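What follows is the residue order along each chain.
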Amino acid sequence: MARQRSKWICQQCGFSQSGWAGRCPECGAWNSLVETVEKSNNSKRKTLKPGKIYRSSEVKISERGRIKTGIGELDNVLGGGLVAGMAVLVAGEPGIGKSTLLTQVAMANPGVLYVCGEESASQVVLRVKRLEAIIHKTRTPGFLLFESTNTDEIESEVEKLKPGLVIVDSIQTLTTQDLAGTAGSVGQVRECAHRLTLLAKRLDIPVFLVGHVTKEGNIAGPAVLMHVVDTVLWFEGERGQALRLVRAVKNRFGPTDETGVFEMTETGLSGVANPSRMLLAERMEKVPGSVVSVVLEGTRPMLVEIQALTVSTQSPLPRRVATGIDFSRLQTLVAVLMARVGLHLGNVDIFVNVTGGIKLADRGVDLAICLAIASAFLARSLPADVAAVGEVGLMGEVRKVTGLERRVKEAKKMGYKVASAESGRSVAAAVKKLLTN
Ligand code: TYD
Ligand code: MG
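Treat the numbers as computed from the prediction; the structure is a model and nothing was measured. Every chain is numbered on its own, with residues counted from 1 as its sequence reads. Here the convention is simple: chains get letters from A, ligands get numbers from 1, in the order in which they are written. Per-residue local features of the predicted model are confined to residues with pLDDT of at least 70, and side-chain atom pairs are confined, for both listing and counting, to 80 or more; whole-chain, interface and lining totals are unaffected and use all residues. Calculated side-chain values reflect all of the structure's heavy atoms, with hydrogen atoms and water omitted.

Report on the nonpolar core, specifying residues and quantitative values.
Within this scheme, the nonpolar core is defined by two criteria: the residues are buried Ala, Val, Leu, Ile, Met, Phe, Trp, Tyr or Cys, and they are joined through side-chain atoms within 4.5 Å. Throughout, exposure labels follow a simple rule: accessible area from a 1.4 Å probe, protein chains only, divided by the maximum for the residue type, with under 20% read as buried, over 50% as exposed, and the rest as partly exposed. Counting residues in hydrophobic clusters, the biggest one holds 47 residues, and the most contacted among them are I306, V352, I358, I369, L371 and I373. The helix count covers DSSP runs of H or I at least four residues long, the strand count covers runs of E at least two residues long, and both are numbered beginning at the N terminus. Counting residues per element, the ones that place at least two in this core are strand 10 (243-251), strand 13 (290-297), strand 14 (300-312), helix 9 (327-340), strand 16 (348-354), helix 10 (366-378), strand 17 (386-388) and helix 12 (427-434). Two domains each put at least three residues into this core: domain 2 (66-271) and domain 3 (277-435). The contact criterion used throughout is that any non-hydrogen atoms of two residues lie within 4.5 Å. If near-sequence neighbours (up to four positions away) are discounted, L371 is found in contact with V291, L382, A388, A430, V431, L434 and L435. Counting residues in hydrophobic clusters, the runner-up holds 31 residues, among them M107, L131, F235 and L269. Note: domain ranges come from an automatic or database domain assignment.

Break down the packing of helix 10 against helix 12 for me, with residues and values.
Lines are fitted to the C-alpha atoms to define the axes, a helix being fitted only along its stretch in contact, and any angle between axes, read from their N-to-C directions, falls within 0 to 180 degrees. The contact between helix 10 and helix 12 brings their axes to 10 Å, and the two run at 50°. Considering the angle they form, helix 10 stands oblique to helix 12. Classified by chirality, the crossing of helix 12 by helix 10 is right-handed. Residues L367, C370, L371, A374 and L378 of helix 10 lie in contact with helix 12, whose contacting residues are V427, A430, V431 and L434. Among the residues making up the contact of helix 10 with helix 12, the classes are represented as nine nonpolar, no polar and no charged. Here is the rule for angles: anything less than 35 degrees is roughly parallel, anything more than 145 is roughly antiparallel, 65 through 115 is roughly perpendicular, and the remaining ranges are oblique. Two helices crossing with the near one rotated counterclockwise from the far one by less than a right angle form a left-handed crossing, whereas a clockwise rotation gives a right-handed crossing. Each residue receives one of three labels: charged for Asp, Glu, Lys and Arg, nonpolar for Ala, Val, Leu, Ile, Met, Phe, Trp, Tyr, Cys and Pro, and polar for the others, Gly being one of them.

A description of the sheet that holds strand 12 (residues 268-271) should follow, citing residues and the corresponding values.
Strand order in the open sheet formed by nine strands is 6-5-7-8-4-9-10-11-12, with mixed pairing between adjacent strands. A single partner strand is all that each edge strand has here, and the edge strands are strand 6 (144-146) and strand 12. Going from strand to strand, the sheet's axes swing by 25° on average, the running direction of each strand aside. Note: strand 11 (residues 259-265) against strand 12, four bridges, orientation antiparallel. Paired with M264 across the bridge in strand 12 is L269. Against the sheet, helix 6 (residues 186-203) touches strand 4 (87-92), strand 7 (165-169) and strand 8 (207-212), its axis set at about 165° to strand 8. Two strands qualify as a pair provided DSSP detects at least 2 bridges between them.

How would you explain helix 11 (residues 404-413) if you had to name every residue and give the values?
Three or more residues of helix 11 are buried, namely L404, R407, E410 and A411. Here the buried residues of helix 11 occupy an arc of 130° about the axis, which is enough to place them on one side. Seen from the open side of helix 11, the exposed residues pointing more than 90 degrees away from its buried face are E405, K409, K412 and K413. Looking one or two places after helix 11, you find G415, whose phi comes out positive at around 85°. Here, the arc refers to the directions that run from the helix axis to the C-beta atoms.

Give a description of the environment of T69 that names residues and reports values.
In this fold, T69 is placed in the loop between helix 1 (42-47) and helix 2 (72-78). With relative accessibility at 1%, the residue T69 sits in the buried group. Between the alpha carbons of T69 and F377 there is a distance of 49 Å; along the sequence they are 308 residues apart. In contact with T69, other than residues within four places in its own chain, are L74, D75, L78, L82, V105, A108, N109 and F208. A polar side-chain atom of T69 sits 3.2 Å from the main-chain amide nitrogen of I71. Pairing of N or O atoms within 3.5 Å defines a polar contact, subject to two protein rules: one partner must be a possible hydrogen donor and the other a possible acceptor, and residues neighboring in sequence count only if both atoms are side-chain atoms. In this structure the side chain of T69 is engaged in a polar contact, spanning 2.8 Å, whose partner is the side chain of D75.

Outline unusual backbone geometry, listing residues and values.
In this model, D169 is joined to S170 through a cis peptide bond whose omega is 0°. Among the structural elements, S170 can be located in the loop between strand 7 and helix 6. Backbone geometry places K162, a non-glycine residue, at a positive phi of 45°. Within the secondary structure, K162 is located in the loop between helix 5 (151-161) and strand 7. The exposure class of K162 is exposed, given its relative accessible area of 53%. Positioned with a positive phi, D204 is a non-glycine residue whose angle comes to about 60°. Given the relative accessible area of 40%, D204 is considered partly exposed.

Account for helix 12, with residues named and values stated.
Among all positions in helix 12, only V427, A430, V431 and L434 are buried. Along helix 12, the residues classed as buried sweep out an arc of 100° about the axis, all on the same side. Counted as exposed and oriented over 90 degrees from the buried face of helix 12: K432 and K433. Residues of helix 12 that are buried in the fold lie against helix 9, helix 10, strand 17, strand 18 (391-392), strand 19 (398-399) and strand 20 (417-419).

Pulling in residues and values, what's your account of the pairing of strand 8?
Put simply, side chains in a regular strand alternate between the two faces of the sheet. The buried count for strand 8 comes to six of six residues, which makes it a mostly enclosed element. In strand 8, alternate side chains face the same way, and those of V207, L209 and G211 on one face and F208, V210 and H212 on the other are all buried. Pairing analysis gives three bridges linking strand 7 to strand 8, with the strands arranged parallel. Paired with I167 across the two strands is F208, which belongs to strand 8. Here, the term right-handed applies to a crossover whose path from the first strand over the helix to the second runs clockwise when the strands point away from the viewer. This β-α-β element, strand 7 to helix 6 to strand 8, shows right-handed connectivity.

Given below as structure tokens:
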């Protein structure tokens, strides 16, 4: 196999040498050498368009509109659909539903080339059979399947076929002959993604790349990929639960704060029009420790249930367990409850959980977390129709949050009244006023 010259370049200091080493001989950084195709090679030049200078008033804006994927929630996240030449990374843990979603895209659109590097064509077709139950209405004559893990071969096949859309599942299985590294190595992942992105631009074809992420979310793959592609969609959810959120964490062609909500069913992913109803479906009302809040996922308000449990312990280091919220945020809020509300939480283990398996970064749930812990600890419940919204400061004050109007409206639609900074200035006042039962 003719291999072009490659170098190992330190990602910290730029030092380069011809072979791998665990530690950079120049700066001493560990695991920082990444195999890279040498700049002088011709194949890379071939893939680049020559640079061009434009006058702003003369630049033509592409008249071609958005290309709909046929899946409403996905189109929303993308900012209205795909754009010609757009490279989209779909990242998420294994088993979360990336292949399912993209198979649905392949089934709903004409002219799709699905590169299956991970599965065999028959495995993909088995999934198609399963999904047909819901998609047969929009079914097209079928899509092309290409079993290959060779980027060079994929490039030439795409040039030949000129499909309307390319799906590559997954980028971690691809290699190019120009590098010696194995599939999934940083060098291979970066180079293959770079080439496919350039290919998308050159041929004006949108490309979806699947990228796996580990539980910690920090595998080299997607981290280096994020810089290469135009858009990054992050798949979230717990495997045992049905809810899946797809967030746009980067989007060169649209908003980055949109979130698509899906439900994983027996017959594929279906869009959820009313996530609040789904998230509150199993809620037990008037139970100490359960508080409803309204979060904003992008521009979309959703009602969520925060649950807390407090158990007395003899341990000098009581446990704090956070599921779905940031651990240090939980510690901060417990400190506020102790210092500003006067709750003696020093001898209790505290567990906080967001139901539905979603992860919340919205500070608007602070008040609900505080009330849930206080409610569990004091064994008193909130009125069943109250949703708590507000950020909590270190002085124990409740602060305003963005999009309050939208949150109040969604709460009202679901039959809840919102308790926020407007109705109580401090956490202590809110505890006194709301924990009455
Ligand atoms: P998959 O899309 O293969 O995950 P990924 O490509 O992100 O690794 O999803 C696999 C899981 O989804 C698997 O546990 C089975 C489940 N699933 C359903 O529940 N319903 C379906 O219709 C399909 C196709 C998969
Ligand atoms: Mg898959």
